[in-house]
Amino acid sequence: MSPKIFEGKVVGKSIAKVDALSLAMGKPLYTDDMDFKDLVHVKLLTSPHAHAIITDIDTSAAEEYPGVLGILTHKNCSRVLHTTAGQGYPEPSPYDTRLFNKKVKFVGDQVAAVAAETLEIAKEAVKLIKVKYKPLKPIFNWDHAIGNETVIHDEGDTKYLIPVFYDPAKNHVAHIDAEVGDIDKGIAEADHIVDRTVRNHYGQHCPLEPHISIAYLDEHDRLVVRSATQVPFHARRIIAQVLGLPIARVRVIKPRIGGGFGAKQEIITEIIAASFTLQLKRPVKLEYTRKEEFISARTRHPMTTRLKAGVKKDGTITAIDMKVLSNTGAYGTHGLTVLSNTGSKTLPLYHCDNIRFVGDTVYTNLPVAGAYRGYGGTQAALAMEIVMDELARKIDMDPAEFRLINHIKPGETSPIFKALGEGTEGHEQTIDSCGLSDCIKQGADAIGWWSREDHKKKFNTETKKRGFGLICIMQGSAIPYIDMAGAYAKMNDDGSFNLLVGATDIGTGSDTILAQIFAEVLNLNVGTDVIVFSSDTDITPFDKGAYASSTTYLSGMAVKNLAEKIKKQLLDYAAVLMNLPANELELREKAVFHPKTKKSLSFTEIGTKALYTENQQQIGQVASELARKSPPPFCAHFAEVEVDIETGRVKILRYVAAVDCGTPINPKLVIGQTEGALVNGLGYALSESYHFNAQGRMMNPSFRNYKIMTTIDLPEIKTIIVKTYEPSGPFGAKSIAEPNISGPMPCLSNAIYDAIGIRITEPPYTPDRVLKAIQDHK
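The present account deals with the structure reproduced in this document. (Residues numbered from 1 in each chain as written. Predicted model: local features only at pLDDT ≥ 70, side-chain atom pairs only at ≥ 80, totals over all residues. Heavy atoms only, no water.)

## Some words on unusual backbone geometry
Filter applied, for reference: Starting at the N terminus, helices and strands are each numbered in turn, a helix being any DSSP run of H or I of at least four residues and a strand any DSSP run of E of at least two. With a 1.4 Å probe rolled over the protein chains alone, any residue whose accessible area is under 20% of its type maximum counts as buried; one over 50% counts as exposed, and the rest are partly exposed.
With an omega of -5°, the peptide bond between Tyr 89 and Pro 90 qualifies as cis. Structurally, the position occupied by Pro 90 is in the loop between β3 (68–72) and β4 (103–104). Between Pro 763 and the following residue, Pro 764, the backbone shows a cis peptide bond with an omega angle of 0°. Assignment of secondary structure puts Pro 764 in the loop between α19 (744–756) and α20 (767–777). Non-glycine residue His 334 carries a positive phi angle of around 65°. Relative to the helices and strands, His 334 resides in the loop between β14 (317–329) and α8 (335–344). The buried category is assigned to His 334, whose relative accessible area is 0%.

Written out as structure tokens, the structure reads:
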């Protein structure tokens, strides 16, 4: 239930980010900002074919080119089968990847890597490598992948480490089949049925900093990889696995990162750079170009989603039947888990006794999909929220009222939690915090939802029509009984603390959030008393990394546990020095205070005495947290659009996002995460798209031709924070970084329909696509 709203001294306040000033001054060091003596540069040769066998590769001319130091191909590199997915071990992704392979599976697949004294030399040497290919028939249409005569992974040794469905001989990466209730009975009981098929498209994360790694050997001959990664501990494990090294010989350092969004949950550049470092005994850098980022990195999973649902005249949803076909591209990274999320992050949102989810992931010879903010929820929300809108219209009920009566409430559960593995140790998960009703009501008021028809009449013209859209979304917070985070802190002699966390700040502000949680427990000032250091596998405790919306919720609980342990240590230590019972002491303003006698001992005194003079010891502790549930954040989005029926242009006039993230640890950062996700989602809905030629080559791998949102394109955006309290989270907090990217696609579809009465189910909603829909409708 949401029993209270937490108001803290530090938590709940929009304090400045701990790295705000240094960022403004350009001081933080990104991966490429550190200079290395005798740095070696690497350039990749990638496949021009979508599907082919390398019959011969001749590197002799490149090897003789002045300045070339080494070349890697499938003939001389590690042959260890692995996954590039940075997930917990054993990974729920198939082991279907080798560093270089004799068979290439998409345009952009790795063929060779050249290490040279300069990048220019490496580029020239790549041109000298002669490769003979035997082209094979590719698969581009994922609707026809299962059982196709073309088998993409026909080597016979690919596998999962976990016991799940996998049939590479049929290009079948994953299958999920879950049902609760009786779907046929539910359909039969409905007064109205909506049956929609939607398709979402390829999309790229577009971090300003591309994938980059620099590997070198330290003074003890240990391999150090400095990488723009979201998952340093998973990266360490996979590097060691592929290169046959003890984990103890590998160190991964995550410096400042220029954006991730899921793209850097992959181990892509690290192993090649490390391979050359071990061979050459020199520092080695591999950095993707923007073109390589588009073609060879990772993308969002394109999906075909069919959703059939029934409703009674009173608004009761009688059945929801979701069938998903997901295209993972040439390799199966995240293919199972993204598929699972399409159901688990959408189906529990609305009351329904009869639910069926059938999902399949397939290989194709197109770019590799992977983790991307929203992680399956984005794709499924498109179908779910279009259908919910249409169900409401079928029974002449306002879409907002329909959602208010049907959405899950505090104290309730959904059988789909257990069916899709989202429960706690096999039990159904209960919703303990949900502010969605308030999100809907406050968002509706902010955009003028209840008076929208009068508003439309006032502004509509013969050629420009206005429309309003509404959607609801949920996500999760960490993965129960899989994700774990650790934290460590020690006190200095001036009473300040070093806080060491494995959690990965990828620009989200997690270093600040965790410092606020730590400071709240110990009555500290974040700016002067807490020194945060994160993400170095040699120095910081383990954390699974920045994904699954877990940092505030899970890593935050680890830090809160840590701070509580230190609080007890401080009180016990002070009790001895003050000759007072520890249970009569409390923390106040960087001091231990005894209310009865008014005696106090400052943190500076404690720090100095503990280290130098009395009852000497290191004040410090280590703590961790294992996720035991995954409380969803909830959001309601509203959009007002104007559609030009002569040109097809969709102009977003206003966008409102009302969000429930439990306790907002730092409200400004909540707004930043919300609006950043919205910009990401609006671009994906309106303009972003991969264009392929007949051979499967992406034709627009640049920001000139792949259109992302810029500040000049943005509508008026309003974020409303609806406070609740999540009992299992730190001070009542849960996640917020992911769900809002999932709103724009369905919200704009609903708004466009409201404006012109035409349903568009395949984004992006570009002018030519909208205009064609208008013309086809006529």
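## Details of the state of the cysteines
We count it as follows: Two cysteine sulfur atoms form a disulfide, by the criterion used here, when they sit within 2.5 Å.
All told, the structure shown has zero disulfides when counted by the stated rule. Cys 472 carries a free sulfur, and the closest cysteine sulfur to it, the one in Cys 439, is 8.2 Å from it. Among the residues examined, Cys 472 registers a relative accessible area of 1% and is labelled buried.

## Quick look at the sheet that holds β14
To be explicit about the condition: Strands pair, by our definition, only if DSSP identifies at least two bridges between them. Working convention: axes come from line fits to C-alpha atoms, limited for helices to the stretch in contact. Angles between N-to-C directions cover 0 to 180 degrees. Note on contacts: a residue pair qualifies if any of its non-hydrogen atoms lie within 4.5 Å across the two residues.
Taking strand neighbours across the sheet as the criterion, the five strands line up as β7-β15-β14-β13-β8 in an open arrangement whose pairing is mixed. Sheet topology places β7 (172–180) and β8 (192–200) at the edges, where each strand pairs with a single neighbour. Between one strand and the next, the sheet's axes are offset by a mean angle of 5°, whatever the strand orientation. Summarising the sheet, strand β13 (residues 303–311) and β14 pair through nine bridges and their orientation is antiparallel. When the sheet's bridge partners are listed, Thr 304 is paired in β14 with Leu 325. Each of β7, β13, β14 and β15 (355–363) is contacted by α8, which is oriented at about 155° to β15, the strand it contacts most.

## Topic: the packing of helix α9 (residues 377–394) against helix α10 (residues 399–406)
Our working definition: In this scheme, roughly parallel covers angles under 35 degrees and roughly antiparallel covers those over 145, while 65 to 115 is roughly perpendicular and the rest are oblique.
Look at α9 against α10: their axes get within 9 Å of each other, and the N-to-C directions meet at 105°. Judged by the angle between their axes, α9 and α10 are roughly perpendicular. Counting all contacts with α9, which are made through Glu 385, Met 388, Asp 389, Leu 391 and Ala 392, the residues of α10 involved are Pro 399, Phe 402 and Arg 403.

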